[in-house]
Amino acid sequence: MSTPYPPQPWDLAGLGHLTTWSVPAEALPVLPFSARPVTVRGRAVVTTAFVAYSDAGQMAYDELLAAVVVRHGRRVGLSITDIWVDSETSMLGGRGLWGIPKDLATFDGLHASVAGGPIAGARFTARRLPAVPLPVPVRGRVVQTLRERTVASPIRASGRMRPATAAWTIDEAGPLSWLRAGRPLASFVAEDFAMRFGS
């Protein structure tokens, strides 16, 4: 029987709004077994992103995620701890192919909510600086729990990064409330963003 989602890899494209955070390690959600957060003085690095994938890629949908920079074996990667999409196909594929814990949410621009209430919202203002193209595709790994195993899946991304200022609103009773213990470090708008996810 065929699966209700495309096989890997997925080729996606769109527009991303990203912020990196410094978060106390004790505030982090549970990470995959054998993955450890990369910390400096007890603080971990977390990335949050609103991504609007367009028809220029395989699928068009909206996404909000939070990912922790982790060490897995001798290598560094990202572990996605919280993620919401407005596509059931993306949700099922993320869970089935890579162990990414996608749930469904409703999006209104850079605001996401679930039936229980708001998750988070953001306002981004791009700075008056030229967008800098990534010189080569950036390669990385996403470390997740899939069928009770810790697996690392390859990703490759390209695009143009524009520095920005951002103001995030994290609902204090929502599923991202742990992020309120952190502080934002830097924000960017990823223009002409393209990503190949999976092997």
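Coordinates for the structure precede this section.
Residues numbered from 1 in each chain as written. Predicted model: local features only at pLDDT ≥ 70, side-chain atom pairs only at ≥ 80, totals over all residues. Heavy atoms only, no water.

Student: Tell me about the side chain of Thr47, and please be specific about residues and values.
Tutor: Residue position: Thr47 is located in strand S4 (residues 43–53). Given a relative accessible area of 17%, Thr47 falls into the buried group. Setting aside anything within four residues of it in sequence, one finds Thr47 in contact with Leu18, Thr19, Thr20, Leu65, Ala66 and Ala67. (Helix = DSSP H or I, 4+ residues; strand = E, 2+ residues; numbered from the N terminus. Buried < 20%, exposed > 50% of the residue type's maximum accessible area, 1.4 Å probe, protein only. Contact = heavy atoms within 4.5 Å.)

Student: Requested: an account of the pattern of salt bridges, with residues and values cited.
Tutor: Under the criterion given, the structure shown has seven salt bridges. One salt bridge connects Glu63 with Lys102, and the closest N-O pair in it is separated by 3.9 Å. With a gap of 39 residues between them, Glu63 in strand S5 (residues 61–72) and Lys102 in strand S7 (residues 102–104) connect regions that are remote in the sequence. Between Glu191 and Arg160 there is a salt bridge whose closest N-O contact spans 3.2 Å. With a gap of 31 residues between them, Glu191 in strand S14 (residues 183–197) and Arg160 in strand S13 (residues 149–170) connect regions that are remote in the sequence. Given the relative accessible area of 29%, Arg160 is considered partly exposed. Each member of the salt-bridge network shares a partner with another, and the members are Arg160, Arg162, Glu191 and Asp192. (Salt bridge = Lys/Arg side-chain N within 4 Å of Asp/Glu carboxyl O.)

Student: Describe in detail the nonpolar core, supporting the description with residues and values.
Tutor: The nonpolar side chains of a soluble globular protein tend to be buried, and buried together. In this structure, Val46, Phe50, Leu64, Ile119, Trp168, Leu176 and Trp178 are the most contacted members of the largest nonpolar core, which totals 29 residues. At the level of elements, strand S1 (10–24), S4, S5, strand S10 (117–126) and S13 are the ones that each hand at least two residues to this core. Not counting residues within four places of it along the chain, the set of residues in contact with Leu64 comprises Ala49, Phe50, Asp82, Ile83, Trp84, Phe107, Ala112, Ile119, Ala120, Trp168 and Leu176. Counting residues in each nonpolar core, the second largest holds 24 residues, with Val51, Val85, Ala190 and Phe193 among its members. (Core = buried A, V, L, I, M, F, W, Y, C linked by side-chain atoms within 4.5 Å.)

Student: I'd like a description of the pairing of strand S12 (residues 138–146), backed by residues and values.
Tutor: Note: S12 against S13, nine bridges, orientation antiparallel. When the bridges of S13 are listed, Gly140 appears paired with Ile155. A loop of two residues connects S12 with S13, the two strands running antiparallel in sequence, and Arg147 in this loop sits at a positive phi of about 50°. (Pairing = 2+ DSSP bridges.)

Student: Could you give me a rundown of unusual backbone geometry, with the residues and numbers involved?
Tutor: The linkage connecting Gln8 with the following residue, Pro9, adopts the cis geometry, with an omega of 0°. Here Pro9 lies in the segment before S1. Here the phi dihedral of Asp192 falls at roughly 50°; this positive angle occurs in a residue that is not glycine. Take Asp192: its relative accessible area is 52%, and that puts it in the exposed class.

Student: Summarise the environment of Thr125; cite the residues concerned and give the values.
Tutor: Within the secondary structure layout, Thr125 lies in strand S10. Measuring from C-alpha to C-alpha, the distance between Thr125 and Ala167 comes to 9.0 Å, with 42 residues separating the pair along the chain. Setting aside residues no more than four positions away along its own chain, Thr125 makes contact with Ala164 and Thr165.

Student: Can you break down the packing of aromatic side chains residue by residue, with the values?
Tutor: Taken as a whole and assessed by the stated rule, the structure comprises seven aromatic pairs. Aromatic side chains Trp21 and Trp168 sit 6.2 Å apart centroid to centroid with 70° between the ring planes, which places their arrangement in the edge-to-face category. Placement of the pair is Trp21 in strand S1 and Trp168 in strand S13, with a sequence separation of 147 residues. Given the relative accessible area of 5%, Trp21 is considered buried. When the ring of Tyr53 is compared with that of Tyr61, the centres are 4.8 Å apart and the planes differ by 50°; the resulting orientation is tilted. Like Tyr61, Tyr53 is buried. An aromatic cluster of at least three residues, connected via ring pairs, comprises Trp21, Phe50, Phe107, Phe124 and Trp168. (Phe/Tyr/Trp six-rings, centres within 6.5 Å; stacked < 30°, edge-to-face > 60°.)

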